[in-house]
Structures are given as C-alpha cells and as structure tokens.
Amino acid sequence: MKVEFKARRLDLLRMHLDVIREAFKQAVAPDRVTVEYPRERKKYPANFRGIIVFDKDKCISCFRCAHICPANAIQMTFYEKAWPGIDYTKCIFCHFCVDSCPTGALRSTKIHDIAFATMGEMKLNAVQMLKAPELTREDSFTVEYVVDPQGWRLEKKAEIDELALEQFIIPEKRRVSVCVDPESCLGCRLCVELCPNDAISVDRKANKLNILPEKCTGCGICVRNCPMKVLELKEVK
Amino acid sequence: MQEWQIVLPEKKHKKKFFGNLLEEVIKPAICSHCTACAAICPVKGITAGDRPIDFPNWLKDCVDCGACVKVCPRWDYRPLGGVGSYIEMFSARSKRFLGQDGAMVTEFTATALEEGIVERAIFVARDEEWRTRTVSIIDPEQLKNRKITGTKYSFADVLPAVKEAVLDSKAVAFVGTPCMISALRKMQRSFRKFERVKLAIGLFCTENFYHSQLSEFLAKKGVAMKDVLKTDIKKGKFIVKKADGEITFPVKELDGIIPPGCKVCQDFSAVEADVSVGSVGSEAGFSTVLVRSDIAKRIADAIRARGYAEFRDASLEAVKKLCDYKVKIHPYPPKKEG
C-alpha cells in the first residue's frame, strides 16, 4: 500500500514537470495552428467568395444574376436601369451571380465578417452595394497555412492583406440578339416591350420588326422570353 | 437576321384579334375546342381545359398579334369531308400493344419512335375519374400503360403540349381529333417551326365531350366514372364497360351534351392527317388505318416488315358511309331551328 502511494507521487511530479516544460516551450517558440482573430487575419485566395460589390456602369440589366440565384436572394430594382440588390439573410455565397454576370458588373471582395444590427439592414440595395462595406481593421498580421513534407504550420507575416479584389478582366465578347427563324415569328412584339434598351422596334405600318445591333447589349431578355424561341444571341466582331 | 416581316391576318371587326375570334368563332358556337389558340397565344391568356375557350380580361391582356386567328381552323371555315386521299388502306391489329380496338395508333407511335422518325409523341392519359392530361412519350415502353392507350371521349389540351414539345425537340408526333389535325396544318402554314411535327395521327371522330358533362350524364345512368374500364362508340351505341358488366345506350341520347362546335364538323376521317385510324370498317379487335403521307407509309412498311401487326382488308364502304353520314347530320352553315 505504501509502495503504491510513493509510485503515484512520482508520476504526478513527472506530469507537472511536463506541463511546465510545455508552457516554457510555447512562451519561447510557439507552434500553434489557430488564428488569433481579429489580431491576425488569414490570407484569402483571389477567388474568395465574400461580400459582393456592384459596378453600375457595367450593368446591362440582363437579370441573369437574379434568374440564376438559387436562394432567390437577388431583387432587381429600377434606378437608372434595373439594378440588383442582395438580401444577405438569404444569400448562400455561392457566387453564381458573379459567375453569370456577362460584363463583370458584380465582383467579390475578401470581406466576410460584417456585423448587421437588424435583419432589415441585411437587405442591401444596388446603391449600397456600389462600395465595399467599411471595416475597422484591428489586424496587424496576416497568417497563412503552409503545408510541406515536414507537416503543416502557420506562417505569420507583419503585413495587412488587401481585402478588395482586383477586377477580373472579362474578355470582350459582344453578342447581339438575332432572329434565326423569322418565318416562325408570331409577331407578338413581346421582345419590343421587354427590351430594356429599346433596341427592338416595330413598324406598325409596314409590319416590320427591327433589332438595332448598336443599341443591343446582348442581355438576352428577349431570347429567354420569346414564345416561339426564334431569337438567339450571336457573337459579333 | 436583324429585320423581318410579320404577316397579320385581316380583321373583320374593329377589335383586338381575340375580339375578332370571339365574334366569328366562339359566339357563333362553331369553335371546335381544338386548343390551337391556347397553344399559340404568346401571353398564355387563352384558357381551354374542360370549359369552352375563353380569354378572361382579353380587352387588357391581348397583345393583338393575330396568332390565334391565324391558327384557328374555324376562322373562314370551309368544312372538309369525305374519305380524302390516301396511299393505302388496311385493317390491322397490333401484336405488341393493347388499345381501343387494334391499338394501331399505339403501334404507329411506337414504331415511329423505334425507327427514329420522331423523338417524342404527345398522348392523352387519364386519371381514375377519366379526366384527361397530356403525356410525352419518349420510350415505347411507356405505351404499355393502359391509362395512356385507348380512347377518352373528353377534350384534352393536346396542342399546347405539342407546342412545348416542338420548342425543344426536332421531330414530334401526336394523336388528335380531325379538328386538331386541321389546326396543326394551319399552324404549319403560318409558323415554320411546326414543321417539326412529323407525324400527325388522326382519329375517326364524330364528336367529343366535355368531361364534366359526360360524367354528369353517366352519373344519371348510374355509372360512376371511376368504375369505368373502357368507353367505346360502335354502331350508333355508346358502350361503357365496367368490371361488373356493360351498359349500352344509343349515341342519340348524348345529343344534348354534344358541343355545338362538333355539330358543324363534317370531317370524320381526319382527311389532313398523315395517318387516320378508327374502328369503322374493321372487325372487332381490329383498327382501320388510312395511310395518307409518305412518312406514314414508311412506318406502315416497317410495321409490316417486322411483323408487329396482323393485317386484313378493311371495308371502304363502311368508312364512306360514316363520312357521308357525318356530312348529312352536321350541315354548315347550321340549319336554323324551328
């Protein structure tokens, strides 16, 4: 009984020493892998899916972002043209809208940590989306995980990462709406009504429909809504 | 093409085009309920279903494009009649399928699908209450379903389904009454895209019914629609087959619920179809087939070559008799009563 007790005390002493040694080691040369947010911030890749900003000059009001949104978070509102607004209570950050935008009017930032005071505030309109939301930066380090043959560790640099992303350059592919099957046209003129740029006109006297290629932005609204599917987007040089 | 011409039909009344259709076809009660207008309407405002054709709020919603007038078989109505031209005529019974008589409509569709002549076919299926709905057939196996084959004596929105099919496939077949076939031909003449309908199977037809009126009529006879296994018209008799026996009565009793549009129709044998099929002119269990176009001839030859059906001779006299009878009982313009 006495012998057993002695052995146990020795074990306890050894364990205490282990803990003290680990504490000294971490104080001198730490090897933790957690990020000390907000003092530190992870370096995000260039294709990070964060809060979305909107460029009104590039938008052609094609509604593609609103159509593709699987969470139904995008509402088009009419300003100078119909512009998108994102409801962040619904947004799932899939960025289908960013990918579907034919002109690059929507683009991502690396910002994800925004606090909203109310649910109502989370519904952003197009004007609020023109600039990236303002952040109070508390971080002074950028950290990055490094994976190499020895294992993985956290690399820490005393610099601040830029959260705004560079604009993606979308190759200029100009497409315009063209009637490929005029003999199947119903003559319903829905395309004329729907065109946001008045590029399709109708001559009621001569019964002629006309697409002005210089006004057509290639948004495809007429193509999607034609009841006989006689319109198509064709690339022009 | 960046500039193109649209063709507008001539108006007979100073109204929007649907107003013209209303005055010329729907109000005079010569509308055949073929649903071509409901199919073509670009704003989907024209309603069909189990009620007479209507366009609620047409004064506001009609875009005045004239498409409904262009496709209406009863606009400038000139009744068609007779047996029409045909390449060959025979009586046959499918060895593979069960249908109304010889299941030749089903056999033609299945062979057309197998031969790759059409990509899909629009058929009319029914539910327990014999309400109709359209189905798209892409595999002949689907035709083994007895709710899809066989005649339903009720209107169905076939042409709207045909239009949807035409928009996304290149070769379509469908089964319809003579008025639907005539409407389809008008659609093909006005809008080129409908040339994708490669096979139009016409049915021998004297009249069709609104489902609600037919079920009400049969209820008075003590027949609940959900007990009905098969309906048929043979030799002037309407036959209702149930699990526990048969009820027959003269078709004349149905006179009160025959839609007025059918009473001005003289086309019994679907003269504009690619192939017309019906029971008149054949023995029990066989269908009379009138092959009218080259494409239908190709299918008929394939059926014969593969031995999919049993062939016999059909009686032209019997078909002619019914064709003449329909012209006689459905005069146009209709006789004034009294």
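Residues numbered from 1 in each chain as written. Chains lettered and ligands numbered in written order. Predicted model: local features only at pLDDT ≥ 70, side-chain atom pairs only at ≥ 80, totals over all residues.

Peer 1: Help me understand the overall build of chain B in this model?
Peer 2: Tallying secondary structure elements over chain B gives 10 helices and 12 strands in all. Here the C-alpha atoms of chain B give a radius of gyration of 20 Å, agreeing with the 20 Å that 2.2 N^0.38 yields for 338 residues. Structurally, chain B occupies a C-alpha span of about 55 × 55 × 35 Å along its principal axes. Each of the 338 residues in chain B was classed as buried or not, and the buried ones make up 45%. Sequence separation of at least 24 residues holds for 70% of the intrachain contacts in chain B that already meet a minimum separation of 6. (Helix = DSSP H or I, 4+ residues; strand = E, 2+ residues; numbered from the N terminus. Rg over C-alpha atoms; globule rule 2.2 N^0.38 Å. Buried ≥ 20, exposed ≤ 12 C-beta atoms within 10 Å, placed from the backbone. Contact = placed C-beta atoms within 7 Å.)

Peer 1: What should I look at first to understand helix H10 (residues 316–329) of chain B in this one?
Peer 2: Given 3.6 residues per helical turn, the α-helix brings residues three or four places apart onto the same face. Residues and elements named next belong to chain B. Over its 14 residues, H10 runs 20 Å from end to end, which matches the ideal 20 Å to within 8%, given 1.5 Å per residue. Inspection of H10 places Val319, Cys323 and Lys326 among the buried residues, and these make up the whole buried set. Looking straight down H10, one finds its buried side chains confined to an arc of 65°; they lie on one side. For H10, the exposed residues set more than 90 degrees away from the buried face come down to Glu317, Lys328 and Ile329. For H10, the secondary structure elements touched by its buried residues are strand E11 (287–291). (Expected span 1.5 Å × (residues − 1). Arc of directions from axis to C-beta.)

Peer 1: Any chance you could explain the domain arrangement of chain A here in plain terms?
Peer 2: How big an interface is tends to be stated in terms of accessible area lost as the parts join. Residues and elements named next belong to chain A. For chain A, the domain assignment lists domain 1 (40–157) and domain 2 (174–236). Just the C-alpha atoms count here: the centres of domain 1 and domain 2 sit 33 Å apart. Facing 6 residues of domain 1, the contacting portion of domain 2 comprises 5 residues. A breakdown of the residues in the side of domain 1 that touches domain 2 according to their chemical character gives 4 nonpolar, 1 polar and 1 charged. (Domains from an automatic or database assignment. Nonpolar A, V, L, I, M, F, W, Y, C, P; charged D, E, K, R; others polar.)

Peer 1: Please clarify how the packing of helix H5 (residues 104–114) of chain B against helix H9 (residues 294–306) of chain B should be interpreted in this entry.
Peer 2: Angle between the axes and distance between the axes: these two values describe a pair of packed helices. Residue and element names in this part refer to chain B. One way to put it is that H5 packs onto H9 with a least axis distance of 10 Å and a crossing angle of 95°. In terms of orientation, H5 and H9 fall into the roughly perpendicular class. On H9, the residues touching Glu107, Phe108, Thr111 and Ala112 of H5 are Ile299, Ala302 and Ile303. (Axes fitted to C-alpha atoms, helices over the stretch in contact; angles between N-to-C directions. Parallel < 35°, antiparallel > 145°, perpendicular 65-115°, else oblique.)

Peer 1: Explain the domain arrangement of chain B here, please?
Peer 2: Residues and elements named next belong to chain B. Entries for chain B in the domain assignment read domain 1 (17–71), domain 2 (88–210 + 246–329) and domain 3 (211–245). A separation of 25 Å is found between the C-alpha centroids of domain 1 and domain 2. With 16 residues of domain 1 in contact, the opposing surface of domain 2 contributes 20 residues. Breaking the side of domain 1 that touches domain 2 down by element, the ones donating at least two residues are helix H2 (36–40) and helix H4 (67–71). No other element matches the 4 residues that H2 contributes to the side of domain 1 that touches domain 2. Classifying every residue of the side of domain 1 that touches domain 2 gives 10 nonpolar, 4 polar and 2 charged.

Peer 1: Can you help me understand the interface of chain A and chain B in this one?
Peer 2: Tallying the contact residues gives 21 residues for chain A and 17 residues for chain B. Counting only elements with at least two residues in the side of chain A that touches chain B, the list comes to strand E8 (174–179) and strand E10 (208–211) of chain A. Broken down by class, the residue content of the side of chain A that touches chain B amounts to 12 nonpolar, 4 polar and 5 charged. Pairing analysis gives 3 bridges linking E10 of chain A to strand E1 (residues 3–5) of chain B, with the strands arranged antiparallel. Bridge pairing links Lys208 of chain A to Gln5 of chain B in E1 of chain B. (Pairing = 2+ DSSP bridges.)

Peer 1: Sorry, what's going on with the pairing of strand E3 (residues 120–126) of chain B here?
Peer 2: Working note: regular strand, side chains alternate between the two faces of the sheet. Residue and element names in this part refer to chain B. By the criterion of burial, E3 is predominantly enclosed, with 5 of the 7 residues buried. By the bridge criterion, 3 bridges tie E3 to strand E5 (residues 172–176) in an arrangement that is parallel. Bridging across to E5, Arg120 finds its partner in Val172. With 6 bridges connecting them, E3 and strand E4 (residues 132–137) associate as antiparallel partners. Within E4, the residue paired with Val124 across the bridge is Thr134.

Peer 1: Is there a simple way to explain helix H1 (residues 17–26) of chain B in this structure?
Peer 2: When we look at burial in H1 of chain B, the residues that qualify are Phe17, Phe18, Asn20, Leu21, Leu22 and Val25 of chain B. On its buried face, H1 of chain B is in contact with H2, helix H3 (58–61) and H4 of chain B.

Peer 1: Explanation requested: the nonpolar core in the structure shown.
Peer 2: Side chains of nonpolar character tend, in soluble globular proteins, to be buried together. If you look at the biggest cluster of nonpolar residues, it comprises 131 residues, and the most contacted ones within it are Cys37, Cys68 and Val162 of chain B. Excluding residues that lie within four positions of it along the chain, Cys68 of chain B makes contacts with Phe17, Phe18, Leu21, Cys37, Ile40, Cys41 and Ile46 of chain B. (Core = buried A, V, L, I, M, F, W, Y, C linked by C-beta atoms within 7 Å.)

Peer 1: Sorry if this is basic, but what is going on with the confidence of the model for chain B here?
Peer 2: Do not read the predicted coordinates in detail wherever pLDDT is low. In the predicted model, chain B carries a mean pLDDT of 91, and the fraction of residues at 70 or more is 99%. We note a pTM of 0.79 for the whole complex and an ipTM of 0.83 for its interfaces. (pLDDT = per-residue confidence, 0-100.)

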